[in-house]
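# Per-entry structural report
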Amino acid sequence: MLDVTGFKKRHAHRFGADPAVFVAPGRVNLIGEHTDYAGGFVMPAAIDFGTLAAISPRNDGRVIVWSENFHEQVSHQIEGLPKNGGGHWSGYPLGVVRILREAGFAVPPFSLSVQGDVPLGAGLSSSASIEVATALAALSLAQADPPREEIARLCQRAENVYVGASCGIMDQFIACRGAENHALLLDCRSLGYRLAPIPENVSLVIANTMVRHAIAGGEYGIRRGEVEEGTEILRSHRPEIQLLRDATTKDLELWGAEMPENVLRRCRHVITENLRTVAAADALAAGNLKKLGDLMAAAHASYRDDFEASCEEADTMVGAAQRLPGLIGARLTGGGFGGCTVNLVHADRAEAFASRLHNDYRARTGIDAEIYRCHASAAAHAV
Ligand code: GLA
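Residues numbered from 1 in each chain as written. Predicted model: local features only at pLDDT ≥ 70, side-chain atom pairs only at ≥ 80, totals over all residues. Heavy atoms only, no water.

## Some remarks on the environment of Thr 272
- By secondary structure assignment, the location of Thr 272 is in helix H8 (residues 261-285).
- When the C-alpha positions of Thr 272 and Thr 248 are compared, they lie 8.4 Å apart, and in sequence the two are 24 residues distant.
- Dropping the residues within four chain positions of it, Thr 272 is found in contact with Thr 249 and Ser 302.
- Here the side chain of Thr 272 touches Arg 268 through a polar contact of 2.8 Å, landing on its backbone oxygen. (Helix = DSSP H or I, 4+ residues; strand = E, 2+ residues; numbered from the N terminus. Contact = heavy atoms within 4.5 Å. Polar contact = N/O pair within 3.5 Å; in protein donor to acceptor, adjacent residues only side chain to side chain.)

In structure tokens form, the structure reads like this:
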């Protein structure tokens, strides 16, 4: 749990001014992976890990950002912010400030403290959480209150152009629009969304494989490229296919043979994942947990076999979960290639489930996994 009072005091002590404080959550995605940048559907929930941002104005033209996690401070003239993040943690907050200013928000010089408890590199969106917390803080000094959808887009842009990670909109959006005890079905093209309540008797158990994942460059970008390659081939036959979201399994039957085999499988994952995600939201809304669990299992298999974005440890974790009493559904969550699995578990079994999962995974891999029992939480807000 983040300690807001202590954090606020430390900021005041360090910078000599009482700050305004904001918090933004991390997220877990229940289903809908690598569909966001294809304009498709995702169904994440905000979680009770997050990032705090404390801000106070300065009168020396500088932007100073202090990270309590890294015990490190960066300082720049606001008019001379670096042109890219350079692979440093400060790239996330500085990127947001640059993008907000470029978009016309009059963010004045400031001191910012940040502190977060979202596990880093675990696929739980620590990046979006620091971006959105920073954005709310900076916008408060600029006395601006744009719609949450715009904040999400600006934060995504900061990550795309400043940090250099070609992520979609899911993580920033859920940090901006999540709701307590709810998952959110998002149409990533229109940004239309609907909330689906997570019943009280269902627990969210997140299991960290302890295999680190990164989305800047690497496999994430390769997959995105493959999806775009397949989309272009389909578009050459059906020009109304703007994004892979517009394509159907029928299109793949007709023209998939023109694609390299790996590209065909990536596209099949995305197209079927969109169908599964909408069906999962309906199943959750109807209280059909059996169906929801089956869809999560199918989504994991597709992510593993067609999208090839899983890893041995994640498959082991999901397999172990599937053998335990109480499980509703399990799959690898987030960008892939490591990170966490998400498990929906009958609440009365959740405690035993978590401890058995930890033991079974250790017996099979020798790795001490971290298991988090989370709650679907509120969107970013002032505290
Ligand atoms: C990362 C990205 C998201 C999304 C997921 C995969 O979390 O930041 O935009 O693409 O991977 O679903």
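## Details of the side chain of Glu 68
- Checked against the element boundaries, Glu 68 lands in the loop between strand E4 (62-67) and strand E5 (72-77).
- Reaching out from Glu 68, the side chain makes a polar contact with the side chain of Arg 10 at a distance of 2.8 Å.
- Look past the residues within four positions of Glu 68 in its chain and what remains in contact with it is Phe 7, Arg 10, Val 114 and Gln 115.

## Concerning the site of the ligand
- Taken together, twelve residues surround the ligand, and among them Glu 33, His 34, Asp 36, Asp 171 and Tyr 220 come closest.
- Take Gly 168: an N or O atom from its main chain is 2.8 Å from an oxygen atom of the ligand.
- The separation between an oxygen atom of the ligand and a polar side-chain atom of Asp 171 is 2.7 Å.
- In isolation the ligand offers 310 Å² of accessible surface; the protein chains occlude 98% of this area. (Near = heavy atom within 4 Å. Areas by Shrake-Rupley, 256 points an atom, 1.4 Å probe, with all protein chains shown as cover.)

## A look at the sheet that holds strand E10 (residues 327-332)
- Across the sheet, which stays open at both edges, the four strands sit in the order E10-E11-E9-E12 with antiparallel pairing between neighbours. Each of the sheet's edge strands pairs with one partner strand only, and the pair in question is E10 and strand E12 (370-374). On average, each strand axis in the sheet is tilted by 20° relative to the strand beside it, whichever way the strands run.
- Alignment of strand E9 (residues 202-208) against E12, held across five bridges, turns out to be antiparallel. Residue Ala 207 lies in a different strand from E12, and its bridge partner there is Ile 371.
- The strands that helix H9 (residues 289-305) touches are E9, E10 and strand E11 (340-346); relative to E10, the one it contacts most, it runs at about 20°.
- Helix-sheet contacts for helix H10 (residues 312-322) involve E9, E10 and E11, and the interaxial angle to E10 is about 175°. (Pairing = 2+ DSSP bridges. Axes fitted to C-alpha atoms, helices over the stretch in contact; angles between N-to-C directions.)

## A short note on unusual backbone geometry
- Although it is not a glycine, Asn 181 adopts a positive phi angle of roughly 60°.
- When you line up the elements, Asn 181 lands in the loop between helix H5 (170-177) and strand E7 (182-187).
- We note that Met 210 has phi near 70°; this positive angle belongs to a residue other than glycine.

## What to know about the nonpolar core
- Within the largest apolar cluster, 48 residues are counted, with the highest numbers of intra-cluster contacts made by Leu 100, Val 107, Leu 112 and Leu 186.
- In terms of residues, this core owes the most to one element, helix H3 (residues 126-141), which gives eight residues.
- Aside from chain neighbours lying at most four places away, what touches Leu 186 is Gly 40, Phe 41, Val 42, Ile 169, Phe 173, Leu 191, Gly 192 and Tyr 193.
- Residues Val 28, Ile 206, Ala 299 and Ala 376 belong to the second largest nonpolar core, which totals 35 residues. (Core = buried A, V, L, I, M, F, W, Y, C linked by side-chain atoms within 4.5 Å. Buried < 20%, exposed > 50% of the residue type's maximum accessible area, 1.4 Å probe, protein only.)

## As for the pattern of salt bridges
- For the coordinates displayed, the defined rule picks out 24 salt bridges.
- Two residues, Glu 68 and Arg 10, come together in a salt bridge whose shortest N-O distance is 2.8 Å. Taken together, the residues span a long stretch of sequence, with Glu 68 in the loop between E4 and E5 and Arg 10 in helix H1 (residues 4-15) at a distance of 58 residues.
- The salt bridge involving Arg 101 is made with Glu 79; its shortest N-O contact spans 3.1 Å. Separated by 22 residues along the polypeptide, Arg 101 in helix H2 (residues 91-102) and Glu 79 in the loop between E5 and H2 bring together distant segments of the chain.
- Taking the relative accessible area as the measure of exposure, Arg 101 reaches 26% and is therefore partly exposed.
- Each of Glu 219, Arg 223, Glu 226, Glu 261, Arg 265, Arg 266 and Glu 308 takes part in one network of salt bridges that share partners. (Salt bridge = Lys/Arg side-chain N within 4 Å of Asp/Glu carboxyl O.)

## Quick notes on the packing of H3 against H5
- Axis separation between H3 and H5 bottoms out at 9 Å; the angle between their running directions is 50°. By the angle class used here, H3 and H5 are oblique. Pair H3 / H5 crosses with right-handed handedness. Contacts between H3 and H5 involve Ala 128, Glu 131 and Val 132 from the former and Asp 171, Gln 172, Ala 175 and Cys 176 from the latter.
- Split by residue class, the contact of H3 with H5 holds four nonpolar, one polar and two charged. (Parallel < 35°, antiparallel > 145°, perpendicular 65-115°, else oblique. Left-handed = near helix turned anticlockwise from the far one by under 90°. Nonpolar A, V, L, I, M, F, W, Y, C, P; charged D, E, K, R; others polar.)

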